[in-house]
Amino acid sequence: MTMSDGTSQEILSSDHFLSLPRPDPFTSTGVSVADGPDLEGIVDTTTLAAHDFDVDTRTGFMPPDPPVRRLQEQWEPWEAALQKAMHDRLQLAIKENITDEERQVSHRWRLEVKEVLLRRAHHVLTFIMHFYIHTLPLTVPVVIPASIGVPLLQVSKHLQLPPIATYSDTVLYNWQLKRAPPTREMEIESEWACGLDLDNMKSQDLFTGTRDEEEFFLSSARIELRGVEALELMRASMDEIFVGDDIAVCRITSYLSRLAGVVHALTSLLMDVRKGCDPDVFYHRVRAWFCGQDSDPAERKWRFEGIDGFENDVEEPKNLSGPSAGQSALIHALDIFLGLDNCRSETADPRTLLRRMQIYMPRHHRAFLRHPSANPRPLRDFVMTKTPELVEAYNQAVGAVKGFRDAHIRIVALYIIGPASRERTGGERHLKGTGGTQLAQFLKGVRDNTADALLQ
């Protein structure tokens, strides 16, 4: 049945959520993209699974199709530069016992990159930039050649992303299938996504070419894909909250119990990284490749050559933290849905982190997160007014997220804090994550925040 605008206005009050105008999900007022998205404004009544957000109902924040494996012929210089960097096995400048020959290989590669008119996309350019920076001797200032920096700044401006390798560059858009779909029709229609084998994936590009690095990236990719069910449960719960009757309460109770099970599965996938990624290999050979400016081993400022030549007054980039699991929209979505982002503590403010990490997310995913943030009927407020069974199911879900964060702390201790403490010879130094956070203090603060969110 359809209704005219006049009829709908007679039935629905002007302040009813269905009568409110819908904002453009990609625009915001008051805060620029560089400062993080604006969480204020008109209530957005779109569905959580809307394709407008580039979130697929089968693969979640992972793209439903394998990322493009190679650019067209006119972009071949960028591809060739990246392939040569990987083929030559460039070594970290901070590697112990690095030989003069290895230094020369990196030096020759950097000279070649300077001479190439690079025109490419964010993934390849940021990988090239990280190869360039992290093969420089620590005594040499970081000046990113214009052949890399200028096109990267232009591409980044278009994508509304910082000119640095992000979680999306290393995980979301850095994979391909080991085995192709059995039929051309499945490949075209992306039907493989409905029954995707989490073990049928491999990374496209790696800094070290090691299984350890690949497994580190793929463990996050598997979490993203397993988290699709969590996105659907969140969407269904938000729909039921708008109904709010006894049947809706029963359904939400069931959804939250299932959500807890999904998060437990995510925790298992997180811990499985130990099966293929050796902690010492990761810390000494892999991790340093994707550190950003705020984790630079010599604390150097990264400068972009040629930035003064921009016609549109492009400023020196300020957001140059490296890729981090904190840039995954999936975990942020869980925080917002459960109301954990509003539970403050003295040690960490997840809402501040959310804004900072969102800067490094694809813009569609930032828009996705604004939707539950602007929900006029938050789940946590709804739960506090309903049945003890609903409160118990909510606490199960929150407890599962806390368990996930406990597991994350154990992984960080195993892969970063432990190896760092074993090699530390001088004074105490705060250990930062690749995303720029004060690692141990921040993770424990966020974990404790989650525990404090349990309802009594």
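That block above? That's the structure.
Predicted model, so just to flag it, every value in this text is computed and none were measured.

S.K.: Explain the overall build of the chain to me, using residue names and the numbers behind them.
M.R.: Check the secondary structure of the chain and you find 17 helices and four strands. A sequence separation of at least 24 residues applies to 79% of the contacts in the chain between residues at least 6 apart.

S.K.: Please set out the pattern of salt bridges residue by residue, giving values where relevant.
M.R.: The full count for this structure, using the stated rule, is 19 salt bridges. Of the charged contacts, one joins glutamate 229 and arginine 258 as a salt bridge, the two residues approaching to 3.6 Å between their closest N and O atoms. Here glutamate 229, found in helix H9 (residues 228-243), pairs with arginine 258, found in helix H10 (residues 246-271); they are 29 residues apart in sequence, far enough to count as distant. In this structure arginine 258 comes out as partly exposed when scored by relative accessible area, which is 42%.

S.K.: Can you lay out the environment of isoleucine 164 for me, pointing to particular residues and giving the numbers?
M.R.: Take isoleucine 164: it is sitting in the loop between helix H5 (146-159) and helix H6 (167-172). Owing to a relative accessible area of 0%, isoleucine 164 belongs among the buried residues under this scheme. Excluding anything up to four places from it in sequence, isoleucine 164 contacts His122, Thr126, Met129, His130, Asp169, Gly292, Trp302, Asn319, Leu320, Ser321, Gly322 and Tyr360.

S.K.: Go over unusual backbone geometry, please, and point to the residues and values.
M.R.: If you check the backbone angles, glutamine 160 has positive phi at about 60 degrees while not being a glycine. Within the secondary structure, glutamine 160 sits in the loop between H5 and H6. Notably, glutamate 299 is not glycine yet its phi reads approximately 55 degrees, a positive angle. Within the fold, glutamate 299 resides in the loop between helix H11 (279-286) and strand E4 (302-304). Taking the relative accessible area as the measure of exposure, glutamate 299 reaches 63% and is therefore exposed.

S.K.: Describe the packing of helix H4 (residues 122-134) against H5, with residues and values.
M.R.: Interaxial distance between H4 and H5 falls to 10 Å at its minimum, and their mutual angle equals 140 degrees. For the element pair H4 / H5, the angle class is oblique. Seen along the crossing, H4 lies across H5 with a hand that is left-handed. Two secondary-structure elements touch here, H4 through His122, Leu125, Thr126, Ile128, Met129 and Tyr132 and H5 through Ile148, Pro151, Leu152, Val155, Ser156 and Leu159. When grouped by side-chain class, the residues that make up the contact of H4 with H5 number nine nonpolar, three polar and no charged.

S.K.: Describe the nonpolar core, listing the residues and the values that go with them.
M.R.: Met129, Phe131, Leu256, Leu259, Leu338, Leu379 and Tyr394 are the most contacted members of the largest nonpolar core, which totals 115 residues. Residue contributions to this core peak at 16 residues, all from helix H16 (residues 388-423). When sequence neighbours within four positions are dropped, the list of residues in contact with phenylalanine 131 reads Leu82, Ala85, Met86, Leu90, Trp109, Leu206, Phe207 and Trp289.

S.K.: Requested: an account of the side chain of aspartate 56, with residues and values cited.
M.R.: Along the chain, aspartate 56 turns up in the loop between helix H1 (5-11) and helix H2 (76-87). For aspartate 56, a relative accessible area of 8% translates into the label buried.

S.K.: How would you summarise H5 if you had to cite specific residues and measurements?
M.R.: If you check H5, its first and last C-alpha atoms are 19 Å apart, about what 14 residues at 1.5 Å a residue would give, namely 20 Å. When H5 is considered as a whole, its buried residues turn out to be Ser147, Ile148, Gly149, Pro151, Leu152, Leu153, Val155 and Ser156. Looking one or two places after H5, you find glutamine 160, whose phi comes out positive at around 60 degrees.

S.K.: Provide a residue-level description of the environment of leucine 414, including the pertinent values.
M.R.: With respect to the helices, strands and loops of the structure, leucine 414 is situated in helix H16. Along the sequence, leucine 414 and tyrosine 283 sit 131 residues apart, while their C-alpha atoms lie 9.7 Å from each other. The contacts of leucine 414, once residues within four sequence positions are left out, are Arg274, Pro279 and Pro419.

S.K.: Please give an account of the packing of aromatic side chains that cites residues and values.
M.R.: Under the counting rule described, the total for this entry stands at twelve aromatic pairs. Note that arginine 110 overlies the ring of tyrosine 132, its terminal NZ or CZ placed 5.7 Å from the centroid.

S.K.: Explain the packing of helix H12 (residues 329-338) against H16 to me, and be specific about the residues and the numbers.
M.R.: Interaxial distance between H12 and H16 falls to 11 Å at its minimum, and their mutual angle equals 145 degrees. Where H12 crosses over H16, the two elements pack in a sense that is left-handed. Every residue of H16 that contacts H12 at Ile331, Asp335 and Leu338 is listed here: Tyr394, Ala397, Val398, Val401, Phe404 and Arg405. Classifying every residue of the contact of H12 with H16 gives seven nonpolar, no polar and two charged.

S.K.: Explain a positive patch on the surface residue by residue, including any values.
M.R.: Taken together, the side chains of Arg69, Lys178, Lys202 and Arg211 make up a positively charged region of the molecular surface. Along the chain, the position of arginine 211 falls in helix H8 (residues 211-226). Looking at arginine 211, the relative accessible area reads 54%, which means it is exposed.

S.K.: Give me helix H14 (residues 363-373): which residues, what numbers.
M.R.: Burial runs high along H14: eight of the eleven residues are buried. Of all the residues in H14, the buried ones are His365, Arg366, Ala367, Phe368, Leu369, Arg370, His371 and Pro372.

Definitions and limits used
- Residues numbered from 1 in each chain as written.
- Predicted model: local features only at pLDDT ≥ 70, side-chain atom pairs only at ≥ 80, totals over all residues.
- Heavy atoms only, no water.
- Helix = DSSP H or I, 4+ residues; strand = E, 2+ residues; numbered from the N terminus.
- Contact = heavy atoms within 4.5 Å.
- Salt bridge = Lys/Arg side-chain N within 4 Å of Asp/Glu carboxyl O.
- Buried < 20%, exposed > 50% of the residue type's maximum accessible area, 1.4 Å probe, protein only.
- Axes fitted to C-alpha atoms, helices over the stretch in contact; angles between N-to-C directions.
- Parallel < 35°, antiparallel > 145°, perpendicular 65-115°, else oblique.
- Left-handed = near helix turned anticlockwise from the far one by under 90°.
- Nonpolar A, V, L, I, M, F, W, Y, C, P; charged D, E, K, R; others polar.
- Core = buried A, V, L, I, M, F, W, Y, C linked by side-chain atoms within 4.5 Å.
- Expected span 1.5 Å × (residues − 1).
- Phe/Tyr/Trp six-rings, centres within 6.5 Å; stacked < 30°, edge-to-face > 60°.
- Lys NZ or Arg CZ within 6 Å of the ring centre and 35° of its normal.
- Patch = residues over 30% accessible without salt bridge, like charges linked within 9 Å, V, L, I, M, F, W, Y side chains within 5 Å.
- Areas by Shrake-Rupley, 256 points an atom, 1.4 Å probe, with all protein chains shown as cover.
- Lys, Arg positive; Asp, Glu negative; His and termini not counted.
- Charge placed at Lys NZ, Arg CZ, Asp CG, Glu CD.

Just geometry here; none of it tells us what the structure is for.
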